[in-house]
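Structural overview for review
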Amino acid sequence: MNDWPTAQEVVQEEAATTDQPLARKPLVLNRRNFSWITERISGVIEQPAPRWWWVCFTITGTIAMFGLFCLGYQISTGVGTWGLNHPVGWAWDITNFVFWIGIGHAGTLISAILYLLRQKWRTSINRSAEAMTLFAVMCAAIFPGVHVGRVWMAWYLAPIPNAFGVWPNFRSPLMWDVFAVSTYFTVSVLFWYTGLIPDLATLRDRATTKIKKFLFGVFACGWRGSNRNWRHYEMAYLLLAGLSTPLVLSVHSVVSFDFATSVLPTWHTTIFPPYFVAGAIFGGFAMVLTLLIPARAIFKLEDIITPQHIDKMAKIILLTGSFVTYAYAMEFFVAWYSGNAYERFAFWNRIFGPYWWYWWVGMLFCNILSPQLFWFRWCRRNILVVYFVCMCVNAGMWFERFIIIVGGLHRDFIPSSWGIFIPTWVDIWTFIGTLGIFTSLFLLFIRFLPMIAMSEVKIVLPEADAHAHSPNGNHSVAADGMERI
Amino acid sequence: MRTPSGHEVYAMGAEYSSASALYEAAKMVRDAGFKRWDVFSPFPIHGMDAAMGLGKSWLSAVVLSGGITGLLTAVLVEFGPSWGLYPLIVHGKPYDWRTVPAFFPIMFEMTVLFSAFAAFFAVLIMNGLPRPHHPIFNWERFKRATNDGFFLVIEARDPRFTELEAREILERSGGEHITIVHED
């Protein structure tokens, strides 16, 4: 009777004889080892700056300087230098703010939410995506700061006891915004720096000059890679990911409250928080790919940021793009179904009003139609198609925010108070300037810090698994490097 | 303990060929009853905490208290002005307990902010960092611990530490480049 094999034995027998059961594609291609990863990623910053870097940095730096000049001009002269007037009191400034904050969200999604979901492929892209988050939030913070007019009064936003005995209104969504964005930036910096410490230690141990050794030594905090340290480190990393996850969802929800708590048609809707969060991740992933596709080619990182990674990011763009499309459709449906004349007019005006082409090009073509290409594997694997869609989404998400903000403001309840918004050169160049600031900061980042988290990529190599030999003698890593589940 | 050349001994260390070799060695050293020892690797090795006989990190408790502090700070900062210092009537809305839902976003943000600071400072303080100098850095090979090296180090302060016994277990567990690391 005992001669019969148990169910477990049968399964084990079959698993051992089947050729690569449920094999997963390796995350790092060509069987690269630990030291190759260290060499390749550290090499990027240890080599002298290539000529293209100086050319790019000169161009983006010049644009950034011009953006700063526009900010200086706007602050010294007044908000009248922008095209704002009655009834459009928020236009490019707040559009840019929401646009930049949204871009930041993809970085936190990759670093925190994908970490909690055990998506190991995130390790190749999380460092640069987090850096992108920080730079995007810096660009975002400029606009609400200066649009109030008197920047030197910005400290009124802080809840500090002052001589006048005046306190801010904590019930205002604009105040929530101050707390949400500043918390978001601070927590993102802490998370990013915590992740950097082991890699800074790697650079410290490879440093060739005294000054590099000193600087990397200071910022690595004397990290030694001890397991007693890793134990606390991993817990801290997990908790920071767990904290960042609700935080990132809250930030764009709070940004959407700025609009949703008002009374304007198209603004006063309950769909805004999830709609904004989905749009933020949608636009942010497009920006991550916009930055990483050239970077992986230039620095020959194709073995670490593989076609599989691009494929997965494209799928996320398709998914979040579908959320956004659904939200757009719902807005129109509710406008019709509510029977509210103002709401119906506002959406009619969105498609056929003075800003009609913003909707047809920005929302319909860029945000709704272009990501549909990602249903096809061929498109997700073709770098040029991916890049084209990402550029469409980058532009489309800016248009979407403009349509929401200016579209809502320029024609509200009474036709006598209608108006139109025309940007001035200061509007335009302040925005282009922030693009310069963003790219300059990113170029500095890839010059001076490891753009890929070395210590994290090493974990996804098959040989990092201490349990490579399973008890039944079945090697969990197949000879060709395919990882088994 | 001193070496014949007069150096104070910090520890004895060995290098292992792979993460799994280090994992097996850690289990042997744990079972041999050593207390003051550590393993070093370029990345956290899954299951190493159990192999070393370490429990779950209690850093989460620090973060929880950080979060509670943040929440209480927000409560104080919001209710203090609203209920005493500077009652603000906006849109004719109440400023007593009925206004509490409008305080939730800032309570949430402050909770997250303080928790994140607690996590960041706790991981540094609990690990004894920043510590720019450490005797282990006297070992030339140890540079590879942040690249592709796997090390096990038994400190001389360990009550069970004798040169013979430490060398024996490091050799038996497959360690290479067994070295005495100096304190200075």
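Every value quoted in this text rests on a predicted model; they were computed, and no experiment measured them.

**Examining the overall build of chain B**
Along chain B, the regular secondary structure elements total 5 helices and 4 strands. Seen in sequence order, chain B has helices and strands lined up from the N terminus as β-α-β-α-α-α-β-α-β. Relative to the compact-globule value of 16 Å for 184 residues, chain B shows a C-alpha radius of gyration of 25 Å, a clear excess of over 25%. Reported as C-alpha extents along the three principal axes, the dimensions of chain B are approximately 80 × 35 × 30 Å. Out of the 184 residues belonging to chain B, those deemed buried represent 43%. Contacts in chain B between residues far apart in sequence, at least 24 positions, make up 79% of those at least 6 positions apart.

**What about the sheet that holds strand 4 (residues 176-182) of chain B?**
All names here are of chain B. Spatial ordering of the open sheet is given by 2-3-1-4, a layout of 4 strands whose pairing is antiparallel. A strand with exactly one partner marks an edge of an open sheet, and here the two such strands are strand 2 (37-40) and strand 4. Sheet twist, expressed as the mean angle between neighbouring strand axes with direction ignored, is 20 degrees. Strand direction decides the pairing type here: strand 2 and strand 3 (residues 150-155), joined by 4 bridges, are antiparallel. What sits directly across from Phe 40, in strand 3, is Phe 151. With respect to the sheet, helix 1 (residues 19-31) is in contact with strand 1 (9-16), strand 2 and strand 3, its orientation differing from that of strand 3 by roughly 20 degrees.

**Points about the interface of chain A and chain B**
With 56 residues of chain A at the interface, the matching set in chain B holds 58 residues. Secondary structure elements with two or more residues in the side of chain A that touches chain B: helix 2 (34-46), helix 6 (173-206), helix 8 (227-260) and helix 16 (454-459) of chain A. Taken together, the residues that form the side of chain A that touches chain B break down as 27 nonpolar, 20 polar and 9 charged.

**Observations concerning the packing of helix 12 (residues 356-369) of chain A against helix 14 (residues 383-410) of chain A**
Residue and element names in this part refer to chain A. Running from N to C, helix 12 and helix 14 point in directions that differ by 135 degrees, and their axes come no closer than 8 Å. Between helix 12 and helix 14, the crossing angle belongs to the class labelled oblique. The chirality of how helix 12 crosses helix 14 is left-handed. Along the contact surface, helix 12 presents Tyr 358, Trp 359, Val 361, Gly 362, Met 363, Cys 366 and Asn 367, while helix 14 presents Cys 392, Val 393, Ala 395, Gly 396, Met 397, Phe 399, Glu 400, Phe 402 and Ile 403.

**Here's the deal with the confidence of the model for chain B**
Here chain B averages 87 in pLDDT, while 100% of its residues score no lower than 70. Interface scoring of the predicted complex returns ipTM 0.91; its pTM is 0.88.

**Points about the pairing of strand 1 of chain B**
Residues and elements named next belong to chain B. In terms of burial, strand 1 is largely enclosed, as 7 of its 8 residues are buried. As judged from the 5 bridges shared by strand 1 and strand 4, these two strands associate in the antiparallel manner. Looking at strand 4, one finds that Glu 15 is bridged to Glu 176. Note: strand 1 against strand 3, 6 bridges, orientation antiparallel. Bridge assignment links Glu 15 to a residue of strand 3, and that residue is Phe 151.

**What to know about helix 9 (residues 272-298) of chain A**
Between its first and last C-alpha, helix 9 of chain A extends 39 Å over 27 residues, near the 39 Å set by a 1.5 Å rise per residue. A large share of helix 9 of chain A lies buried, amounting to 19 of its 27 residues.

Each value, and the rule that gives it
- Residues numbered from 1 in each chain as written.
- Chains lettered and ligands numbered in written order.
- Predicted model: local features only at pLDDT ≥ 70, side-chain atom pairs only at ≥ 80, totals over all residues.
- Helix = DSSP H or I, 4+ residues; strand = E, 2+ residues; numbered from the N terminus.
- Rg over C-alpha atoms; globule rule 2.2 N^0.38 Å.
- Buried ≥ 20, exposed ≤ 12 C-beta atoms within 10 Å, placed from the backbone.
- Contact = placed C-beta atoms within 7 Å.
- Pairing = 2+ DSSP bridges.
- Axes fitted to C-alpha atoms, helices over the stretch in contact; angles between N-to-C directions.
- Nonpolar A, V, L, I, M, F, W, Y, C, P; charged D, E, K, R; others polar.
- Parallel < 35°, antiparallel > 145°, perpendicular 65-115°, else oblique.
- Left-handed = near helix turned anticlockwise from the far one by under 90°.
- pLDDT = per-residue confidence, 0-100.
- Expected span 1.5 Å × (residues − 1).

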